[in-house]
Structures are given as C-alpha cells and as structure tokens.
Amino acid sequence: MKNTLLIFILLVFGLMIFSSSHLHAQSDNSSFGLGVMIGEPSGISIKKWFNNRTAVDIGAAWSLAQNESLHMHSNLLLHNAFADTPKLSFYYGIGARVIFANTPKFGVRAPLGLTYLFDNIPFDLFVEAAPILNISPDVNLSGNGGFGFRYYF
C-alpha cells in the first residue's frame, strides 16, 4: 500500500510539471525559476509558469520541527495581479504534500501567498501560508509557511 501511494504521488508530481505543451514566459525571457524557501519546512523551491496567471511549483525541503523529515510538495497556482501594482500578485492553489519519515504522511495543500516579480532582473520574492489536510496515516489539519526567492532562467 505504501509503495502504491508513493508511486501515485510521484506520477502526480511529474504530470503537474510536464502537463502543458504550450509554455509561455512569466517575464520577457524566462518561465523556470529556482530558489530557496525559508520557514517550516526550509529548502529548494522550483516554479514553472505556463502563462501570466498559471504556474506549478515544487518544493523539496527539510523540517526540523516534525521529526527532521523530508517534505515534498507540488501545487497548481493561480495568480491575480493587483491593478495598481501589476508586478505584485496574490496567488492561491491546490496541491499535494508528502512527508518521508518513519511513518510517511500524505496531505492536500491549499497555498495562499504573495509574489513580487522584479522588472529588470529575472527574480521574484514570495511569502506563503499553506493549510494542509493530512489524509494518511491519520486525518488531521496542519500547515506550512515561509518566504523565499527564485531566479528565473
């Protein structure tokens, strides 16, 4: 059962990343960002833009608070730019999170955040809070949160 769940989760992550054949640039020249997130958990953040409003992110991070375990998550994100500050966007989404520990956990994430895309450099800053409904092994609520930055290639 655990192996089947792990295979399913990895397939979902892969499909979310490679699901679009038409990739549009988040800025003039780049749509793939790589950076860090600092918070609970802290680690690497990847973001792939499909158009000016839709993106997928992936996080691979280490938690010191929850039994020092590896967390992986991926989300489909929708962005709404502020009319008076178009480089600043509110975003929300839905995704999945897996904790690889002695007792693995699987949950559904609903991230909410703000991101700022700089004009002249391929760089963003973000802050995020993500309520999580853990599904396995027990059903309960938890959450993640933090801030970070990404450089776009």
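Residues numbered from 1 in each chain as written. Predicted model: local features only at pLDDT ≥ 70, side-chain atom pairs only at ≥ 80, totals over all residues. Heavy atoms only, no water.

Trainee: Quick question: what am I supposed to make of the nonpolar core here?
Mentor: One broad trend across soluble globular proteins is that nonpolar side chains are buried collectively. Met37, Ala61, Leu77, Tyr91 and Phe126 together form the largest nonpolar core, which totals five residues. Once residues lying within four places of it in the same chain are set aside, the contact partners of Leu77 are Lys47, Arg53, Thr54, Ala55, Asp57, Tyr91, Tyr92, Gly93 and Pro111. (Core = buried A, V, L, I, M, F, W, Y, C linked by side-chain atoms within 4.5 Å. Buried < 20%, exposed > 50% of the residue type's maximum accessible area, 1.4 Å probe, protein only. Contact = heavy atoms within 4.5 Å.)

Trainee: What's the story with the confidence of the model for the chain in this structure? I'm lost.
Mentor: Any segment with low pLDDT has predicted coordinates that should not be analysed in fine detail. When the pLDDT values of the chain are averaged, the result is 85; 80% of them are 70 or greater. Residue range residues 17-28 is modelled with pLDDT below 50. Its contacts to residues more than four positions away, or to other chains, number 20 contacts. (pLDDT = per-residue confidence, 0-100.)

Trainee: Help me understand the pattern of salt bridges, please; the structure alone is not making it clear to me.
Mentor: Working definition: two side chains of opposite charge can pair if their charged atoms are close together. Enumeration over the complete set of coordinates arrives at three salt bridges. Where Asp119 meets Lys87, a salt bridge forms, and the shortest distance between an N and an O atom there is 3.6 Å. In this pair, Asp119 sits in the loop between β7 (112-117) and β8 (123-136) while Lys87 sits in the loop between β4 (69-81) and β5 (88-100), placing the two residues 32 residues apart along the sequence. On the basis of relative accessibility, which here comes to 56%, the residue Asp119 falls in the exposed class. The salt bridge partner of Glu128 is Arg109, with a shortest N-O separation of 3.2 Å. Here Glu128, found in strand β8, pairs with Arg109, found in strand β6 (residues 105-109); they are 19 residues apart in sequence, far enough to count as distant. On the basis of relative accessibility, which here comes to 12%, the residue Glu128 falls in the buried class. (Salt bridge = Lys/Arg side-chain N within 4 Å of Asp/Glu carboxyl O. Helix = DSSP H or I, 4+ residues; strand = E, 2+ residues; numbered from the N terminus.)

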